[in-house]
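# Analysis of the macromolecular model
Now for the letters of each chain:
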Amino acid sequence: MEKATLLDWYHQMVLIRRFEERCDELYQLEGKIKGFLHLYIGQEAIAVGTIGARKAGDHVITAYRDHGHALAVGLEPKNVLAELMGKASGVTGGRGGSMHLASKDLTFWGGYGIVGAHLSLATGLALAEQYKGTDAATLCYFGEGATNIGYFHESLNMSKVWDLPVVWICENNKYGMGTSIEKASAVNRIVDKAKGYKITSKVVDGMDVTAVYEATQKAIAACRKGKGPQLLEMMTYRYEGHSIGDRTRYRTTEELNKWRDEKDPIALLQNKLINEHGVTEDECIKIQTDVDAQMDEAVKFADESPEPALDTLFDHIYPATPGVN
Amino acid sequence: MEKATLLDWYHQMVLIRRFEERCDELYQLEGKIKGFLHLYIGQEAIAVGTIGARKAGDHVITAYRDHGHALAVGLEPKNVLAELMGKASGVTGGRGGSMHLASKDLTFWGGYGIVGAHLSLATGLALAEQYKGTDAATLCYFGEGATNIGYFHESLNMSKVWDLPVVWICENNKYGMGTSIEKASAVNRIVDKAKGYKITSKVVDGMDVTAVYEATQKAIAACRKGKGPQLLEMMTYRYEGHSIGDRTRYRTTEELNKWRDEKDPIALLQNKLINEHGVTEDECIKIQTDVDAQMDEAVKFADESPEPALDTLFDHIYPATPGVN
Amino acid sequence: MPRLTLREAITEAIREEMQRDESVFIMGEEVGEWGGTYAVTKGFLDEFGAARVRDTPISEMVIAGAAVGAALAGTRPIAEFMTINFAFVAFDAIVNHAAKMSHMFNGQFTCPLVFRAPGGGGKQLGATHSHTPDVIFAHFPGLKVVSPATPYDAKGLLKAAIRDEAPVMFIEPVPLYTSPRVRDEVPEGEYTVPIGVSDKKREGTDVTIVTYGEGLHVSLAAAAELSKEGIEAEIIDLRSLQPLDTSLSVESFKKTNKAVVVEFGHKTYGIGAELVARLQEEAFDYLDAPIKRVAQFDVPAPYAGKLEKHALPDAAKVITAVKEIL
Amino acid sequence: MPRLTLREAITEAIREEMQRDESVFIMGEEVGEWGGTYAVTKGFLDEFGAARVRDTPISEMVIAGAAVGAALAGTRPIAEFMTINFAFVAFDAIVNHAAKMSHMFNGQFTCPLVFRAPGGGGKQLGATHSHTPDVIFAHFPGLKVVSPATPYDAKGLLKAAIRDEAPVMFIEPVPLYTSPRVRDEVPEGEYTVPIGVSDKKREGTDVTIVTYGEGLHVSLAAAAELSKEGIEAEIIDLRSLQPLDTSLSVESFKKTNKAVVVEFGHKTYGIGAELVARLQEEAFDYLDAPIKRVAQFDVPAPYAGKLEKHALPDAAKVITAVKEIL
Ligand SMILES: Cc1ncc(C[n+]2csc(CCOP(=O)(O)OP(=O)(O)O)c2C)c(N)n1
Ligand SMILES: Cc1ncc(C[n+]2csc(CCOP(=O)(O)OP(=O)(O)O)c2C)c(N)n1
Ligand SMILES: [Mg+2]
Ligand SMILES: [Mg+2]
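Here the structure is a predicted model, which is why all the values come from computation and not from measurement. (Residues numbered from 1 in each chain as written. Chains lettered and ligands numbered in written order. Predicted model: local features only at pLDDT ≥ 70, side-chain atom pairs only at ≥ 80, totals over all residues. Heavy atoms only, no water.)

## Quick look at the overall build of chain A
When its secondary structure is counted, chain A shows 12 helices and 7 strands. C-alpha extents for chain A along the principal axes are approximately 60 × 50 × 40 Å. In chain A, which comprises 325 residues, the share counted as buried stands at 62%. For chain A, the proportion of contacts with a sequence separation of at least 24, taken over those separated by at least 6, is 75%. For chain A, the accessible surface area stands at approximately 11,100 Å², while carbon and sulfur atoms represent 51% of it. (Helix = DSSP H or I, 4+ residues; strand = E, 2+ residues; numbered from the N terminus. Buried < 20%, exposed > 50% of the residue type's maximum accessible area, 1.4 Å probe, protein only. Contact = heavy atoms within 4.5 Å. Areas by Shrake-Rupley, 256 points an atom, 1.4 Å probe, with all protein chains shown as cover.)

## A look at the overall build of chain C
Assigned secondary structure in chain C consists of 12 helices and 14 strands. The globule rule puts the C-alpha radius of gyration for 326 residues at 20 Å, and the 19 Å found for chain C is close to it. In terms of its C-alpha atoms, chain C occupies a principal-axis envelope of roughly 55 × 45 × 40 Å. Partitioning the contacts of chain C with sequence separation of at least 6, the portion at a separation of at least 24 is 82%. Of the roughly 8,100 Å² that chain C leaves accessible, carbon and sulfur atoms contribute 49%. Considering chain C, the positive charge centre built from 33 side chains and the negative charge centre built from 45 side chains are found 3 Å apart. (Rg over C-alpha atoms; globule rule 2.2 N^0.38 Å. Lys, Arg positive; Asp, Glu negative; His and termini not counted. Charge placed at Lys NZ, Arg CZ, Asp CG, Glu CD.)

## Some words on the interface of chain A and chain D
In this assembly, 39 residues from chain A lie in contact with 32 residues from chain D. Of the charged contacts in the structure, one is a salt bridge between K183 of chain A and E33 of chain D, with a shortest N-O distance of 3.0 Å. (Salt bridge = Lys/Arg side-chain N within 4 Å of Asp/Glu carboxyl O.)

## A few points about the side chain of S23 of chain C
Within the secondary structure layout, S23 of chain C lies in the loop between α1 (6-20) and β2 (24-28). Polar contacts involving the side chain of S23 of chain C include one to the side chain of D21 of chain C, which spans 2.6 Å. Here S23 of chain C is in contact with Y131 of chain A together with G74, T75 and R76 of chain C, once residues within four sequence places are set aside. (Polar contact = N/O pair within 3.5 Å; in protein donor to acceptor, adjacent residues only side chain to side chain.)

## Quick word on the pattern of salt bridges
Tallied over the full model, the rule gives 103 salt bridges over all chains. With a closest N to O distance of 2.7 Å, D58 of chain A and R224 of chain A form a salt bridge. Linking D58 of chain A in the loop between α2 (44-51) and β1 (59-61) with R224 of chain A in helix α9 (residues 209-224), this pair joins segments that are 166 residues apart in sequence. One continuous salt-bridge network, built from bridges that share partners, spans E12, E16, E17, R20, K155, K159, R163 and E190 of chain C.

## Structural notes on the coordination of the magnesium ion (ligand 3)
Residues and elements named next belong to chain A. Taken together, E144 (OE), N173 (OD1) and Y175 (O) make up the protein donors of the magnesium ion (ligand 3), found 2.0 to 2.3 Å from the metal. Mapped onto the sequence, the residues coordinating the magnesium ion (ligand 3) show the spacing E-x28-N-x1-Y. One end of the pair, E144, is in the loop between β2 (138-143) and α6 (150-161); the other, N173, is in the loop between β3 (166-172) and β4 (175-176), and 29 residues separate them in sequence. The pair E144 / N173 is uniform in exposure class, with both members buried. (Donors = N, O, S within 2.8 Å, 3.2 Å for Na, K, Ca; no water.)

## Regarding the site of ligand 2
Close to ligand 2 lie 21 residues, the nearest being Y64, R65, G113 and Y175 of chain B together with E60 of chain C. Near ligand 2, residues from chains B and C are present, making the site a shared one. Contact between ligand 2 and G145 of chain B: an oxygen atom at 2.9 Å from a main-chain N or O atom of the residue. Within the backbone of A146 of chain B, an N or O atom sits 3.0 Å from an oxygen atom of ligand 2. In the complex, the protein chains occlude 96% of the 580 Å² of accessible area that ligand 2 would expose alone. (Near = heavy atom within 4 Å.)

## Quick look at the coordination of the magnesium ion (ligand 4)
All names here are of chain B. The protein atoms donating to the magnesium ion (ligand 4) are E144 (OE), N173 (OD1) and Y175 (O), with metal-donor distances spanning 2.0 to 2.3 Å. In primary-sequence terms, the residues that donate to the magnesium ion (ligand 4) follow E-x28-N-x1-Y. With E144 in the loop between β2 (138-143) and α6 (150-161) and Y175 in strand β4 (residues 175-176), the pair connects residues that are 31 residues apart, well separated along the chain. Both residues of the pair, E144 and Y175, count as buried.

## Points about empty space enclosed by the protein
Residues and elements named next belong to chain C. Counting across every chain of the model gives 13 cavities of 30 Å³ or more. Taken as a whole, the largest cavity encloses approximately 100 Å³ of empty space. Around the largest cavity sit 17 residues that line it, and T132, D134, S147, P173 and E214 are the ones nearest its centre. Elements represented by at least two residues in the lining of the largest cavity include exactly β7 (168-173), α8 (214-228) and β13 (259-266). In terms of residues, the lining of the largest cavity owes the most to one element, β7, which gives 3 residues. (1 Å grid on protein atoms, 1.4 Å probe; cavity = no way out; pocket = protein on both sides within 12 Å on 5 of 7 lines; lining within 4 Å. Points joined across faces, edges and corners; volume = space filled by probe spheres on them.)

## Structural notes on unusual backbone geometry
Look at the link from Q242 of chain C to P243 of chain C: it is a cis peptide, with omega at -5 degrees. Locating P243 of chain C in the fold gives a position in the loop between β12 (240-242) and α9 (247-256). A positive phi is found at K198 of chain B, a non-glycine position, where the angle reads about 55 degrees. Relative to the helices and strands, K198 of chain B resides in the loop between α8 (190-195) and β6 (200-205).

## Description of the packing of helix α1 (residues 3-28) of chain A against helix α12 (residues 281-304) of chain A
Residues and elements named next belong to chain A. Between α1 and α12, whose axes approach to 9 Å, the crossing angle comes to 45 degrees. Looking at the two axes, α1 sits oblique to α12. The chirality of how α1 crosses α12 is right-handed. In contact with L7, Y10, H11, V14, L15, R18, F19, R22 and L26 of α1, α12 contributes C284, I287, Q288, V291, D292, Q294, M295, D296 and V299. Of the residues in the contact of α1 with α12, the class split is 11 nonpolar, 3 polar and 4 charged. (Axes fitted to C-alpha atoms, helices over the stretch in contact; angles between N-to-C directions. Parallel < 35°, antiparallel > 145°, perpendicular 65-115°, else oblique. Left-handed = near helix turned anticlockwise from the far one by under 90°. Nonpolar A, V, L, I, M, F, W, Y, C, P; charged D, E, K, R; others polar.)

## Some points on the interface of chain D and chain C
Quite often, the size of an interface is put as the accessible area lost when its parts meet. Facing the 47 residues of chain D at the interface are 47 residues of chain C. Counting each side, the surface lost to burial between chain D and chain C is near 4,500 Å², with a carbon and sulfur contribution of 67%. Taken together, chain D and chain C are joined by 4 salt bridges. When the shortest N-O distance is used, the salt bridge between E274 of chain D and R293 of chain C registers 2.8 Å. Across the contact surface, chain D and chain C share 20 residue pairs in polar contact (both at pLDDT 80 or more). Of all the secondary-structure elements, those providing two or more residues to the side of chain D that touches chain C are α4 (91-95), α5 (101-104), α6 (134-138), β12 (240-242) and α10 (271-282) of chain D. Here the side of chain D that touches chain C takes 8 residues from α10 of chain D, the largest share from any one element. Its residues assigned to classes, the side of chain D that touches chain C comprises 27 nonpolar, 11 polar and 9 charged. (Buried area = accessible area lost by both parts, 1.4 Å probe.)

## Thoughts on the packing of aromatic side chains
Per the counting criterion, the structure on display carries 43 aromatic pairs over all chains. Judged by centre distance (5.2 Å) and plane angle (50 degrees), the rings of Y175 of chain B and Y250 of chain B are tilted. Here Y175 of chain B, found in strand β4, pairs with Y250 of chain B, found in the loop between β7 (230-235) and α10 (253-263); they are 75 residues apart in sequence, far enough to count as distant. There is no split in this pair, since Y175 of chain B and Y250 of chain B are both buried. The structure contains a cluster of three or more aromatic residues connected by ring pairs, namely F88, F91, F137 and F140 of chain C together with F88, F91, F137 and F140 of chain D. When the ring centre of F301 of chain B is taken as reference, the NZ or CZ atom of K78 of chain B above it lies at 5.3 Å. (Phe/Tyr/Trp six-rings, centres within 6.5 Å; stacked < 30°, edge-to-face > 60°. Lys NZ or Arg CZ within 6 Å of the ring centre and 35° of its normal.)

## As for the sheet that holds strand β14 (residues 292-296) of chain D
All names here are of chain D. Judged by pairing direction, the sheet is mixed, and its 5 strands sit side by side in the order β9-β11-β10-β13-β14 without closing on themselves. Only two strands of the sheet have a single neighbouring strand rather than two, namely β9 (199-202) and β14. Each neighbouring strand pair of the sheet contributes to a mean axis angle of 25 degrees, computed without reference to strand direction. Where β9 meets strand β11 (residues 233-237), 3 bridges bridge the pair, whose relative direction is antiparallel. Its bridge partner being in β11, R202 is matched across the sheet by I235. (Pairing = 2+ DSSP bridges.)

Next up, the structure:
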């Protein structure tokens, strides 16, 4: 990979991590973020590497652990943060909150709170592009826990029966809330589930952004060639609890530390940049401090943004239809 | 197999077929049966061979194409027919109709009209027996079309995660209404779906009652040994339309005739009885005429049975609870 | 003008919209090769091809969810549930996804789709297959819910639904599909009937009957009988359950001061309850007698013919209700 | 007597029933190792073991359906939906299976299970996670629907639900779980509260407030305020939505001649509509003013705190409604 690209990815991954760390503080220390908060820390390489492989017009849709994807598609940290703080300047005007971030302009359709449901929406996004005859692909993200719900089965089957251009991206972080994949699933490899639908699949090191990028690029290319759905099982790990308030009794600190110390996606990329691309430690620190400054700005912006006016509550329940109604 | 057993099976299969033929007449010519009517003609060996392998206390649960199973578990033709004619003497008092036959005494739990849903109930039946520590197995029947719905996925996964004593019996007759398995399913073998759940599975000639019996006996034995769920894919064919009114445009007469002429389960068994067990043609005809007589009685019984009294409509909406309520 | 059955009117609406707009397609179980379980899309596969008339696996969750996704991405899907009873399996996709898209994402997305759902009982299909659960869909803001009672309304409302930017649950009363009693004149070609606007189906002075779907026809039959006795019922057809237009009902009630609500769904927590609440809220001073509700009894639908009929509304029950308050 | 929170009362009820009856077990997502998302089953895994406290995959359809099957086969499952919003995915198993077993099979089977469903909004979880959809479950005959407002009722009703031969949807208002305001004296050990029986929670003479769940507490707060102005509200807690007991509501209404119905679900086609219909049916001559409804606005729940609160009932809205009809 080009040094410039790797630096860009590094910047994005650092931004996502700092963003999540600030959210954690804003929730736990300052009480400025409410509701559920599912942090992406540890999984940054997946959103950055996969979305790095998409071209404009390709669809992105994911679950509630969506801050990383929102930032990777190009939403401004300040507007995402404003959303989490329930402000009018938030990406959905304070309506959706953490779990329901979205941007039509960036063909980022959300952000969905109901486990598995968005896989059926992804099937439809891909169907629409096939129907219109474009070469746009759909990137759909979900956790390994979501593969046990009916939506997964119906969506994967339909995507293969119609050979839809969708890349199923499983972020396998081993746990669905507190339940390990071994406890919840008859098979412990999502690629083995893919076989049950004759869907081409691949296990990918989700902590290696380059590997993630290359696998995704191949998968998207296959979709564009009309080869139908592809599944990527990204092996990863979430460092924080499932959501704020998770006392994470279901896993050992050893397990967590092992991932964090040996597999951290940002550390791995930073080493690569320094060892293979002549980037200096200082350049990396510079990026980090720039991100910190950007985050300070974002917090300030969100803080100062007004809350949505009460009389906007009834807007958009039903969109206006030109003509008849 | 013992001659006596084979003769018993022959008798049962002839009974089911004649029962279904009479139902067809009673619906189309006499208008005495209403609603949906899903005939089992062609698939008789499956209900008879599988249920022949169960012992008392093993659970049976199936879909709406349930007349064969109802008769095979031992319900009287006259009470089943009375049910189809909406009479008080019907197996569910005229409440359930063709799709919802059941008998608690025979641990035959139905007869369910919603595709796939009863697989989740079967999971629960098996769970209850495992919980109670009995060695009872659960036989759950469904079509190949039902394997594309979410219920199938969630039920098979849970059955394996908990190693429940359930035999998943897929009656693969190639069509779900008019949609062929090739058109509806990413994989064309249900045993390939079973692999996605690490469930032991086997393809069985569903037109050969002995093969059906032996495969089921092995599967039930495995359940009793605590080996967890088993899946049997019974290759079969339905001769009649999906339900009354199906003009069956989706398949060729050649295909139908090939199955009927070369694979008919009753003809195959009759030949076996005559060629290998010294049964005479007359003995077979005798069984058929006995069955005809039995069916005449059944029709007479159902005809003469009263309809349920209107004031019984509100019975059983909520069962009485001893004590508090 | 050709006289069409309700089913023919629905077929014509879909055909015209598919001819008019390339972005409209239909998907569902048996809509293609079979021509639709109720033959609504007979011939469509040949006319429009397999890309626009899509047979699906038995997978209601993804049928509904894929319709949502396809609508977001610029097409206008018609997703058919073979019957409304199977929409329960897709309930989450309908009420927690389709219905939420516009508001939850702050108006960024629209989700222009139609869920077609043949519904209703009285066909001796037993409890799992005989629901008229319209009210539970209409309870969720964001989803529009429409149910026509006449061929004219069916065609016009369905064309409006297909063009609407909001997701529309279009509930088709199966018992009316081919009923000659319901056959009616339907203009060929272009016209729409607005969603969210009720309609007066009979003029009267003595009592107001508010109804929709199958209820309209038992109400009309009852009104004809009552008329012989000099009782003139005014009949309002809601046509849409969400948004709910009570203007004509209130206006009529202010004239007659008496009302009966007729629906084929269960009585408790049904459509009628909301109408009663609205009428007494909006026209309290005009209440001369309790507002009556004629609805399906609160009991799962039995298979046996007479037993099932016993639980459903009919003209006699409407007449009795009217006379109780006159 | 110990003063328990609503959540503690629910935990105690489950524990006592599991200790009393071997055939009772609980299954759901995170009920075991995690101790329940809302910590309702904390410690249960150690106390009762993995066979009776069962962590499940994320599979609501089979969680609900397996509970039905297990109930048929002689056990008494408690199936927990992590929140009621996820019960939509299992809607078919609940309303078209559990609810149909007894009647459709002519009383041969009973289906004694409890679906536990923590529900309610106001927690800034956004539109997909903030429903109070109680009414749509209560619309289906065959299913019992209960929702307690006090720790005493919660324990007694849940014990009754676990012992009931019918499937019971037990809806737990999450916003009340740990609220000190709701903390109350709860007898240790054996007692039950009958399902299908409403309860008078406050004596009054001037207006009747019919409510349940969270609605009770805003109603009590409103009543306290009103009392300062000499207005005494009588408050009826429905406790059960199906079967629905209107006897106390009607009796109270005949005394006060004025009523307000308070609920946290959406207004249109909500619980309040049915109450209005019943009161005017059963006590028409006592209607002095329109019966008011205070409910959640008909809009998907937004995330932003003030915006969400704006859509929900509160004491001020109840006070306004009462004063409008006095
Ligand atoms: C249908 C449904 N059931 C349950 C939940 C509650 N829930 C939210 S996230 C989650 C775990 C999902 O795990 P996984 O799919 O692995 O994603 P991860 O959180 O690990 O990213 C659960 C059970 C839900 N939101 N929707
Ligand atoms: C959830 C649901 N969707 C659709 C239907 C309508 N339907 C009834 S039978 C059937 C086909 C089922 O095919 P298969 O599972 O192969 O069983 P077979 O009829 O061949 O025995 C369909 C689509 C239904 N009853 N339930
Ligand atoms: Mg996970
Ligand atoms: Mg089949």
